[in-house]
Amino acid sequence: MESKKTLPGTPITGAEWENEVYSFRKHSVQLRYAWDAGSAVSGFLEGLKEGRILGRRCNRCMRVLVPPRAFCERCFRSTDEWVEVKDTGKINTYSVSYVNNDASRRDKPLIVAVIEIDGASPGMGFLHVLGEVEPSKVHVDMKVKAVWKPRDERVGAITDIKYFKPLEV
Amino acid sequence: MTKVAIIGVGYSGYAPLTPHMSFKEMMFEASKRAYTDAGINPRTDVGSFICCEEDLWEGISITDEYVPDQLGGAQRAVCTVSDDGLVGLINGYMQIKSGLTDVVVVESHSKLSNVLSQGDVTRMSFEPYYERPFLTAETAVALEMRRYMFERELDDDIPAMVVAKNKKNGLGNPRAPYSAILSMDEVLSSPMVCEPLRKAHIPEPADGCSVTVLASEEKARILVDQPVWIRGVGWFSDTPWVSQRDFSKAVYAEGSSKMAYKMAGVNTPAKHFDFIEVDDSYGYKELQHLEALGVYTKENIKRAVEVGETDLRGPLPVNPSGGKISLGDMVEANGLVRVVEAVLTLRGQGPRSLRGAKHALVQSWRGPPTASGSTVILEV
């Protein structure tokens, strides 16, 4: 790789940028939204508040969709009924993350995983994090179980599940 | 080259608030109606899906990722046009015209009720160095309104008459939530926002979704009894600088209509159409647009309003649907909302007085502070 010194151009220093030596104009906005969750997402979030994971079944393709949707995207029809699925599943894929959103290093690594939920159709499930496990012990297809927040702390959000932990067998 | 028809329309929402459904559920409802109307199955009969939306109004970046499922377009050819719905319709028209596919779905929606900082989103569109420090959406509009009214020597009552007409037209339209009997005096006594713009001039925000199904002539004739043909399309952008515009006329509407007229072979627009749907924001925009379309002139536009020529039962009904004034402002969906209205009217499902109408024009403006817009010519 070429050394920095041989590259053409005029370098800009951090101090020049911070002291606004160059012309620019700043504008900041605070964009605020409140999205209507709709029937399917609302049902799912209400279920979480009660410590239950809910899906919707399509009675044509017979898939159980988790997270639930009001419509089946394969059959293009309204889904038919609510189905309670288990709070266990297996790891489809995972990653051990050592950095935060702003690229700073984490004190403790975060294990993010895609979890296929038991009782949902194959490949169906959601993203969450893993806990009570050493990163080196995690593997694809590992069986896991939800660890819930106490009932009075649950607000109807995906974070009502604190994390998934390895299922004791 | 094949002709292109609209063979199905659907809608959902059209209300100040739609808390009972997510934007996905609203799109599902509207598209299901459109597919039923066209007699098609989106999973097998559609070659391409086009969705018109803008990330900042959605509050989701790269929002096109979130649209296929609810349109029946999962794992199919889907794209987003970040513009007014009419531009999406024109893209769909071109895809069929070019032989790329024979059935295209075009969707557009608004969930404005979910945008808590609407003013901030609009402000983001202002030119940042020279203009943003001074403008709001309303001042940008008021500056143009003042100059247009000055040039045409219009009193305050003329835009107020347009607002009152469109509010009344909406009463005959079950989809128009802001329709009302509103007198000219009530418009003129509504609070001043920035002179000469009053609150009653400003279209109220609304949620809603519109879907159209486009097809080639061959497909259209097989699928439906009453295809509505797209005879001409046009789109045009004027300068982005608010301070550099000719406020006396809507240059974008003039440019887009000329393009569409040439395609459709329309030589005398003032006599060609049975009704017209134009962007009617703030009342005066309807007049400015009608002039730009060549339907009226700067000499006769004032009289046309005064004697009621553009009323629902006048010789040239303008905005029989009630327009944006009655239907509400649905941002990127505004153009497609009017296409749905025009199609229904051409099929005899609109106002009774317009049964038998054969020729319609739909014109759209992308809203403040833009100077961009499109025109589509429809025919049965």
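Note that the coordinates shown come from a computational prediction; the quantities given were computed from them, not determined experimentally.

Explanation requested: the sheet that holds strand 2 (residues 64-65) of chain A in the structure shown.
The strands that make up a sheet are held in pairs by hydrogen bonds between backbone atoms, and each pair lies either parallel or antiparallel. Residue and element names in this part refer to chain A. With respect to topology, three strands assemble into an open sheet ordered 2-1-5, the strand pairing being antiparallel. In this open sheet, the two edge strands, each paired with only one partner strand, are strand 2 and strand 5 (81-85). By the bridge criterion, five bridges tie strand 1 (residues 53-57) to strand 5 in an arrangement that is antiparallel. Note that in strand 5 the partner of Ile 53 across the bridge is Val 85. Packed on one face of the sheet, helix 2 (residues 38-49) meets strand 1 and strand 5 and runs near 150° to strand 1.

Would you explain the side chain of Asn 334 of chain B in this entry?
Residue and element names in this part refer to chain B. Within the secondary structure, Asn 334 sits in helix 16 (residues 334-346). Residue class for Asn 334 comes out buried when judged on its relative accessible area of 7%. When neighbours within four sequence positions are excluded, Asn 334 is seen to be in contact with Asp 84, Lys 324, Gly 328, Asp 329 and Ser 364.

Please clarify how the side chain of Arg 63 of chain A should be interpreted in this entry.
Residues and elements named next belong to chain A. Tracing the sequence through the fold places Arg 63 in the loop between strand 1 and strand 2. By relative accessible area, Arg 63 is classed as buried at 9%. Within the local environment of Arg 63, its side chain forms a polar contact with the side chain of Glu 73, the two groups lying 3.3 Å apart. When near neighbours in sequence (up to four residues on either side) are disregarded, Arg 63 contacts Arg 56, Arg 57, Cys 58, Cys 72, Glu 73, Arg 74, Ser 121 and Met 124.

Explain a nonpolar patch on the surface here, please?
A surface patch of nonpolar side chains, amounting to about 500 Å² of accessible area, comprises Ile 12, Trp 17, Val 21, Tyr 22 and Phe 24 of chain A. In this fold, Trp 17 of chain A is placed in helix 1 (residues 14-18).

What am I meant to see in the nonpolar core here?
Residues and elements named next belong to chain B. One finds Tyr 261, Ile 276, Leu 287 and Ile 377 to be the most contacted residues of the largest nonpolar core, which totals 37 residues. Of all elements in the fold, only helix 7 (137-152), helix 8 (157-170), helix 11 (251-264), helix 13 (284-292), helix 14 (301-306) and strand 10 (359-365) reach the threshold of two or more residues within this core. Those residues in contact with Ile 276 that lie beyond four places of it in its chain are Leu 290, Leu 293, Val 295, Leu 316, Pro 317, Val 318, Asn 319, Pro 320 and Leu 361. Membership of the second largest hydrophobic core comes to 32 residues, among which are Val 4, Leu 89, Leu 214 and Val 343.

Explanation requested: the UniProt feature "domain: Thiolase C-terminal" (unreviewed entry) in chain B in the structure shown.
On the UniProt side, "domain: Thiolase C-terminal" (unreviewed entry) is annotated at positions that read residues 242-378 of chain B here. A distance of 32 Å separates the end C-alpha atoms of residues 242-378 of chain B, which is 37% helix and 12% strand.

Whenever I open this one, the UniProt feature "domain: ChsH2 C-terminal OB-fold" (unreviewed entry) in chain A confuses me. Can you help?
When the UniProt feature table is mapped to this numbering, "domain: ChsH2 C-terminal OB-fold" (unreviewed entry) covers residues 82-149 of chain A. Within the segment residues 82-149 of chain A, helix and strand shares are 0% and 60% respectively, and the terminal C-alpha atoms sit 23 Å apart.

Can you walk me through the domain arrangement of chain B in this structure?
Reports of interface size often rely on the accessible area that becomes lost once the parts have come together. All names here are of chain B. Domain annotation of chain B identifies domain 1 (4-117 + 206-228) and domain 2 (135-203 + 231-379). On a C-alpha basis, the centres of domain 1 and domain 2 stand 24 Å from each other. Contact with domain 1, which involves 38 residues of that partner, is made by 34 residues of domain 2. A combined buried area of about 2,900 Å² lies between domain 1 and domain 2, and 72% of that area is made up of carbon and sulfur atoms. On the domain 1 side of the interface with domain 2, the three residues burying the most area are Tyr 14, Leu 86 and Val 228, jointly 23% of the side's total.

So, how was this worked out
- Chains are numbered independently. Their residues run from 1 in the order of the written sequence.
- Following the order in which they are written, the chains are lettered starting with A and the ligands numbered starting with 1.
- pLDDT decides what is reported in this predicted model: residues at 70 or higher carry local features, side-chain atom pairs at 80 or more are listed and counted, and totals for whole chains, interfaces and linings draw on all residues regardless.
- As a rule here, side-chain values come from all non-hydrogen atoms in the structure, and water together with hydrogens is ignored.
- At least two bridges found by DSSP between two strands are what make those strands a pair.
- Secondary structure elements are defined from DSSP: runs of H or I of at least 4 residues count as helices, runs of E of at least 2 residues count as strands, and each element is numbered from the N terminus.
- Every residue pair with non-hydrogen atoms within 4.5 Å of one another is taken to be in contact.
- The axes are straight lines fitted to the C-alpha atoms, using for helices just the contacting stretch, and the angles between their N-to-C directions are given from 0 to 180°.
- Three exposure classes are used, based on accessible area relative to the maximum for each residue type with a 1.4 Å probe and protein chains only: buried under 20%, partly exposed in between, and exposed over 50%.
- For this analysis, a polar contact is any N or O atom pair within 3.5 Å, provided that within protein one partner can donate a hydrogen and the other can accept it, and provided that sequence-adjacent residues contribute only side-chain to side-chain pairs.
- Patch membership needs two things, relative accessible area over 30% and no salt bridge, and members are linked within 9 Å if like-charged or within 5 Å if nonpolar (Val, Leu, Ile, Met, Phe, Trp, Tyr).
- Computed with a 1.4 Å probe, the accessible areas rest on the Shrake-Rupley method; for each residue, only the protein chains presented here act as cover.
- Salt bridge, as used here, is a side-chain nitrogen of Lys or Arg placed within 4 Å of a carboxyl oxygen of Asp or Glu.
- Nonpolar cores were defined as sets of buried Ala, Val, Leu, Ile, Met, Phe, Trp, Tyr and Cys residues, with membership established by side-chain atoms within 4.5 Å.
- UniProt positions are given in the numbering used here, feature names are shortened, and annotations may be inferred rather than shown by experiment.
- Domain delimitation follows an automatic or database domain assignment.
- The term buried area means the drop in 1.4 Å probe accessible area that two parts suffer when joined, counted for both and summed.

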